[in-house]
Amino acid sequence: TDTAAIVPLILESSRHLHAVGLEQDRALADRLEPFCARAFFSAEELPASERLGLSEHRVAKNEIPGRIAQRYRITAELLARLNRDYDERRLQIGQELRVLDLAAGELWVEVHKSSFRLALWHMLRDEEGRDVPLLLACLPVGLGASDSPTPSGETAVEKRVRDPEWTDPVSGRVFAPKDPGNVLGGYWMALAPEGIGKQGIGFHGYTGAAPADWIEKPASNGCVRLLQADIDRLFHTALEGTRVVLR
């Protein structure tokens, strides 16, 4: 695909998917996903990327990565993905950093259980004041088994933890961070129980079995499992307070 065509493709396809619903055209969402990954989560600079909410931030005196990231409602780690040769220890006054601005307009997550897909959406406001829906990612997921289904409802990301400990729900054994027996893959995004009627539900990676054994299948204790590269993207964009809809 011609790089100049990628931004218009994302804009038009996102508009269509938001209007008809991702479930109605999942094939399009899956085809769009690699282009979204390039546009929103890599250092590749695409023509007209400012139309997707990507912009340049000029580093000011005494600014640190965490403060810059907070301004745009992303994480400092995402800055490294968006900028080639990025070194947080060597920021200079006047240096230009490429950022994904999620501070303006709503960001939300939709989990479509029937199709085993997680969609990350951002509603951008364009220069003319119009709302522009953007699909930032469409990710395959694993869901709850038949005897412990993933709940439905509307909630929010309550807490994000990197390298969390994990308690085996069957044995009750607690596995420390980075323990080989800890299957969370180094990521835990807890969902508030209000709205879904169940505690202990969240998004996480999964290293307890080969992806073919659980991705796009009902196999978890109710949580939403993602591939390692995908949970990393979600972790650094869907911060605390992000709305989550499971249906």
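Note that the structure is a prediction, hence the values are computed from the model and not measured.

Caption draft 1: Looking closely at helix H3 (residues 65-72). Along H3, the residues classified as buried are Pro65, Ile68, Ala69 and Tyr72. Down the axis of H3, the smallest arc covering the buried residues is 95°, so these residues share one side. Facing away from the buried side of H3 by over 90 degrees, the exposed positions are Gln70 and Arg71. Those residues of H3 that are buried are in contact with strand S1 (54-58), helix H4 (76-82) and strand S2 (96-100). With its phi angle positive at about 55°, Arg73 sits one or two positions after the end of H3.

Caption draft 2: Highlighting the pattern of salt bridges. Applying the stated rule across the entire model yields 20 salt bridges. Across the pair Glu216 and Arg117 runs a salt bridge whose closest N-O atoms are separated by 3.5 Å. One end of the pair, Glu216, is in the loop between strand S10 (202-204) and strand S11 (218-220); the other, Arg117, is in strand S4 (residues 117-125), and 99 residues separate them in sequence. For Arg162, the salt bridge goes to Asp163, with nearest N and O atoms at 3.5 Å. By relative accessible area, Asp163 is classed as partly exposed at 27%. A network of salt bridges, in which partner residues are shared, links Arg26, Asp30, Arg117 and Glu216.

Caption draft 3: The packing of helix H1 (residues 6-20) against helix H2 (residues 26-40), seen in detail. Across the interface, H1 lies against H2 with an axial gap of 10 Å and an inter-helix angle of 135°. By the angle between their axes, H1 is oblique relative to H2. Crossing of H1 over H2 shows left-handed handedness. Each of Ile6, Leu9, Ile10, Ser13, Ser14, His16 and Leu17 in H1 lies in contact with H2, whose residues at this interface are Leu28, Ala29, Leu32, Phe35, Cys36, Arg38, Ala39 and Phe40. Classifying every residue of the contact of H1 with H2 gives eleven nonpolar, three polar and one charged.

Caption draft 4: A look at the packing of aromatic side chains. Inspection of every chain in the model, using the stated rule, returns four aromatic pairs. Considering the side-chain rings of Tyr187 and Phe235, the 5.4 Å spacing of their centres and the 70° angle between planes classify their relative orientation as edge-to-face. Note that Tyr187 is positioned in strand S9 (residues 187-191) and Phe235 in helix H5 (residues 228-235), a separation of 48 residues in sequence. A centroid spacing of 5.4 Å and a plane angle of 80° characterise the contact between Tyr206 and Trp214, whose relative ring orientation is edge-to-face. You can call Tyr206 buried: its relative accessible area is 17%. Just above the ring of Tyr187 sits the side chain of Arg162; from NZ or CZ to the centre is 3.9 Å. Cation over ring: Arg225 sits above Tyr206, and NZ or CZ is 3.6 Å from the ring centre.

Reading the values: rules and limits
Residues numbered from 1 in each chain as written. Predicted model: local features only at pLDDT ≥ 70, side-chain atom pairs only at ≥ 80, totals over all residues. Heavy atoms only, no water. Buried < 20%, exposed > 50% of the residue type's maximum accessible area, 1.4 Å probe, protein only. Helix = DSSP H or I, 4+ residues; strand = E, 2+ residues; numbered from the N terminus. Arc of directions from axis to C-beta. Contact = heavy atoms within 4.5 Å. Salt bridge = Lys/Arg side-chain N within 4 Å of Asp/Glu carboxyl O. Axes fitted to C-alpha atoms, helices over the stretch in contact; angles between N-to-C directions. Parallel < 35°, antiparallel > 145°, perpendicular 65-115°, else oblique. Left-handed = near helix turned anticlockwise from the far one by under 90°. Nonpolar A, V, L, I, M, F, W, Y, C, P; charged D, E, K, R; others polar. Phe/Tyr/Trp six-rings, centres within 6.5 Å; stacked < 30°, edge-to-face > 60°. Lys NZ or Arg CZ within 6 Å of the ring centre and 35° of its normal.

What is shown is where atoms sit, not what they do.
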